Structures are given as structure tokens and as C-alpha cells.
Amino acid sequence: MKRFLVLHDYGVSRAWWWVVAESAQEVLETFAEVEVVEDEDLLEQARHLSLDEASVDAEDLPPGLRDLRDQRRAQRARPGFGALVGRGVVHVRHNEGAFVSLMELGPNGHRLREVAIAGDGTVLRSEADEWPRNPPVDLYDPDLVRRTISRDEFEFAWAAAGSDE
């Protein structure tokens, strides 16, 4: 068993825990919307913090982590669970009201590139080095499967977004 630093990025805030598990994959298969931190600087900083620690198979988990485990348990029973894990780069569409985002995701779920289309037709493109934070998209999430798009569709939108530069 090994101790892993686990992060859940809420966008405006972050939650951190130490989780004891056999592997990073076991952590990701057990808790939804988390990442296992591998950055040595962050690991060193975390060693000096008082973070909750739990075993991956513990029934009594710290607040927040318990909810992410319950969310993952519910996802496991649905078709498409984990279907995007191990596929390399994937492309997905995210709709939020009149706003559409086409994302290129790396093997760890982090956005590599993104095309944002506003309701007024404004199209912007951006890359990972332009974002102050880039929490991973949960590739185990079965809902993500139905939102996949082809590489060609993404590349077409990417090229169109850059044509006015």
C-alpha cells in the first residue's frame, strides 16, 4: 500500500487528502472527479500540511471524499463507465446554456486545447498554457461518453476559430 496525494478541484477552491491505496488507478476508480498529484513540488508542500488521511477501502471517509466515493459507486453501474480511460487523446462537447465548449483532453483528462462558442456566435480558441488552472475532466464518468466528438469535428472548429487572427 502507498500513500497518494489526492486533489479535487472545484474551480474556485480545492480539497486535498492523503489516500492509502495499492495504486493511483485504484484511487481514480474509487473516487469521482479527483486527480492523483504527481508534481514533486506540490507533494513536498503537502507533507507539511495537516490533511485528512484515509484508506481507499475505508467505509468512514472524510467529508467531501465520501461524496466523491458515493458518486463513483453510482457511476460504476451505468453503461460507459471508464470507456474513455486509456484511449489517449479524446474530444468532447460540453453545452452549458447557449455556451458550447469543444475540448481536446489528454490521457489524464486535462484539457490540451479548447474552442469556446458563445451564444452570440463569438468563437475563441485557447491552449493549456493560457489557463491559470486546468483541473482534469473525469474520464471515468459515463456521461462523458455520449458527449464525445470526432477529432475531425474538433480540428474543423479549431481551424475556424483561428482563421480571423
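Please read all numbers here as calculations on a predicted model, not as lab measurements.

Criteria and cut-off values
- Residues numbered from 1 in each chain as written.
- Predicted model: local features only at pLDDT ≥ 70, side-chain atom pairs only at ≥ 80, totals over all residues.
- Heavy atoms only, no water.
- Helix = DSSP H or I, 4+ residues; strand = E, 2+ residues; numbered from the N terminus.
- Buried < 20%, exposed > 50% of the residue type's maximum accessible area, 1.4 Å probe, protein only.
- Contact = heavy atoms within 4.5 Å.
- Pairing = 2+ DSSP bridges.
- Axes fitted to C-alpha atoms, helices over the stretch in contact; angles between N-to-C directions.
- Salt bridge = Lys/Arg side-chain N within 4 Å of Asp/Glu carboxyl O.

K.L.:
Looking at this structure, how should I read the overall build of the protein?
P.N.:
The secondary structure content of the protein amounts to five helices and nine strands. Across its three principal directions, the C-alpha atoms of the protein cover 50 × 35 × 25 Å. Residues classed as buried in the protein amount to 40% of the 165 residues present. If you take every contact in the protein between residues at least 6 apart in sequence, the share linking residues at least 24 apart comes to 56%.

K.L.:
It is not clear to me how the environment of Val 12 should be interpreted in this structure. Could you clarify?
P.N.:
You can see Val 12 is positioned in the loop between strand E1 (2–9) and strand E2 (14–21). Taking the C-alpha atoms as reference points, Val 12 and Arg 72, 60 residues apart in sequence, are found 22 Å from one another.

K.L.:
Is there a simple way to think about the sheet that holds strand E5 (residues 90–96) in this case?
P.N.:
Hydrogen bonding along the main chain pairs the strands of a sheet, whether they run parallel or antiparallel. The sheet built from five strands is open, its strands ordered E8-E7-E6-E5-E9 with antiparallel pairing. On the outer flanks of this sheet lie strand E8 (123–127) and strand E9 (148–149), each paired with one strand and no other. Direction of pairing for E5 relative to E9: antiparallel, over a ladder of two bridges. Within the sheet, the bridge partner assigned to Val 92 lies in E9 and is Thr 148. On top of the sheet, helix H5 (residues 151–162) reaches E5, strand E6 (99–105), strand E7 (111–117), E8 and E9; it is set at about 65° to E7, its chief contact.

K.L.:
Looking at this structure, I do not really get the pattern of salt bridges. What am I missing?
P.N.:
Between side chains of opposite charge, a pair can form when the charged atoms approach closely. What the rule picks out here adds up to 15 salt bridges. The salt bridge partner of Asp 9 is Arg 14, with a shortest N-O separation of 3.2 Å. Classification of Asp 9 by relative accessible area gives buried; the value is 14%. Arg 72 is the partner of Asp 138 in a salt bridge, and the nearest nitrogen-oxygen pair spans 2.9 Å. Within this pair, whereas Asp 138 is found in the loop between E8 and helix H4 (142–145), its partner Arg 72 is found in helix H3 (residues 65–76), the two being separated by 66 residues in sequence. Judged by its relative accessible area of 1%, Arg 72 is buried. Each of the salt bridges in this network shares a partner with another, and the network as a whole consists of Glu 104, Arg 113, Arg 151 and Glu 155.

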